[in-house]
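# Understanding the architecture of this molecule
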Amino acid sequence: MTTRAETGDDQSDPGLSAITGERRRLINLGYRLLGSLADAEDVVQETYARWYAMSEQERQAIESPGAWLMTVAGRICLNVLGSARARRETYVGDWIPEPLPEPTEWHGGRSGAGGTDPADQVTVDESVTMAFLVVLDAMTPAERVAFVLHDVFRFPFGEVAEIVGRTPAACRQLASSARRRIRTAQSPAGPSAGQAGIVKEFRTAWEARDIGALIGLLDPHAVATADGGGLAVTHPHPIVGSEQIARAYAEIARVSGDRTTFLECTVNGLPGLVAQQDGNLSTVFAFEFAGDRIRRIWAVRNPEKLRPWRIGRGAVRDTPALGPRPSRPMSRTRPSAAPR
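Now for a quick tour of the structure. Quantities reported herein were computed from a predicted structural model and do not represent experimental measurements.

Quick look at the nonpolar core now. If you look at the biggest cluster of nonpolar residues, it comprises 50 residues, and the most contacted ones within it are Leu29, Tyr31, Val145 and Val148. Counting only elements with at least two residues in this core, the list comes to helix H2 (23–34), helix H3 (37–53), helix H5 (65–88), helix H6 (130–137), helix H7 (141–152), helix H8 (157–164) and helix H9 (168–185). The dominant element in this core, judged by the number of residues it contributes, is H5, at eight residues. Grouped together as the second largest cluster of nonpolar side chains are 27 residues, Ala222, Ala248, Tyr249 and Ala299 included.

Okay, structure coming up:
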């Protein structure tokens, strides 16, 4: 996980280099707190805008520009998390955090111009797995901010309290509550090599529409959730149970025919799949594993959440397969009609 030692503060130059050097850390904070690269980028932009809105004298008086930027970004994220709950009430279907490709496979930034910019990359570790982010998303804004700042970024509770607007003791309780949620929700992690093998077997069984094999790869109480955001075709509700998921996915394979290709890849640091139809990326699949079986499937089809995958993708293997139908663009904050 990221540590306080990675602040990048340069007290010898409180100017441009020290400020721009914080961009990656701010992106990492924003993504973990908001579950969205687009929202994280907006937070970073707003944070820098507030920095440069101050006079030169005011900026020179700040002892640690990096700490100031992180504090401001944390407060902005806390506000965004509060408003996000209202936005979710109008979001069509289930909301899943934005999936991350392998850092070497994508270009950061909105423009997508040039090569991969390390300053725009999210550091991939256990705090950005899809399962972890889904648990974070179920927390209150204060819980989420207190936990991420303290346990991931190693902020002392005194500094967390200044950001959250509560006492250090209250922030300590918030982080403790968040840890209990995570321990309750997480399944024991197995070796990533074994997980990659499970995903490969799942893809093969899906291609073959082998319901029995799919059931054998799924935990009996597995849950499959899809996020289309209102335009992409998805199942309207989570599918619960290994047999129900197997039959539903076999039907997807039947409808898709041979126009869709699966690619094995890394999603938020763990083995996953992407689906392309007629060469256009349509879905990213993230998995959570319980032993040697798949416990959760998250299928992200909202086109806005797939932006980093379309801008810059890299070493994914071209493997023939079947999969879901394509989606068309939409606005996350202004969803339209419900899925068919």
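Summed over all chains, the structure comprises eleven aromatic pairs. Their ring planes at 80° and their centres at 6.1 Å tell us that Phe262 and Phe285 sit as a pair that is edge-to-face. Of this pair, Phe262 sits in strand E3 (residues 260–267) while Phe285 is found in strand E5 (residues 280–290), placing the two residues 23 residues apart along the sequence. When sorted by exposure, Phe262 lands in the same class as Phe285, which is buried. Here the aromatic residues Phe202, Trp206, Tyr249, Phe262, Phe285, Phe287 and Phe289 are joined through ring pairs into a cluster of three or more.

The next subject is the pattern of salt bridges. For the structure shown, the criterion picks out 14 salt bridges. Among the salt bridges present, the one from Glu46 reaches Arg50, with a minimum N-O distance of 2.9 Å. Taken together, the residues Glu46 and Arg50, both in helix H3 and four residues apart, mark about one turn of the helix. What makes Arg50 partly exposed here is its relative accessible area of 39%. Between Arg254 and Glu251 there is a salt bridge; the shortest N-O distance is 2.6 Å. Of this pair, Arg254 and Glu251 both sit in helix H12 (residues 242–256), separated by three residues, roughly a single helical turn. Overlapping salt bridges bring together Lys200, Arg203, Glu207 and Glu264 as one network.

Our next topic: unusual backbone geometry. With a phi angle near 55°, Arg209 is a residue other than glycine that sits in the positive phi range. You can see Arg209 is positioned in the loop between helix H10 (192–208) and helix H11 (211–217). With relative accessibility at 39%, the residue Arg209 sits in the partly exposed group. For Asp278, which is not glycine, the phi dihedral falls at a positive 50°.

Rules of the game
- Residues numbered from 1 in each chain as written.
- Predicted model: local features only at pLDDT ≥ 70, side-chain atom pairs only at ≥ 80, totals over all residues.
- Heavy atoms only, no water.
- Core = buried A, V, L, I, M, F, W, Y, C linked by side-chain atoms within 4.5 Å.
- Buried < 20%, exposed > 50% of the residue type's maximum accessible area, 1.4 Å probe, protein only.
- Helix = DSSP H or I, 4+ residues; strand = E, 2+ residues; numbered from the N terminus.
- Phe/Tyr/Trp six-rings, centres within 6.5 Å; stacked < 30°, edge-to-face > 60°.
- Salt bridge = Lys/Arg side-chain N within 4 Å of Asp/Glu carboxyl O.

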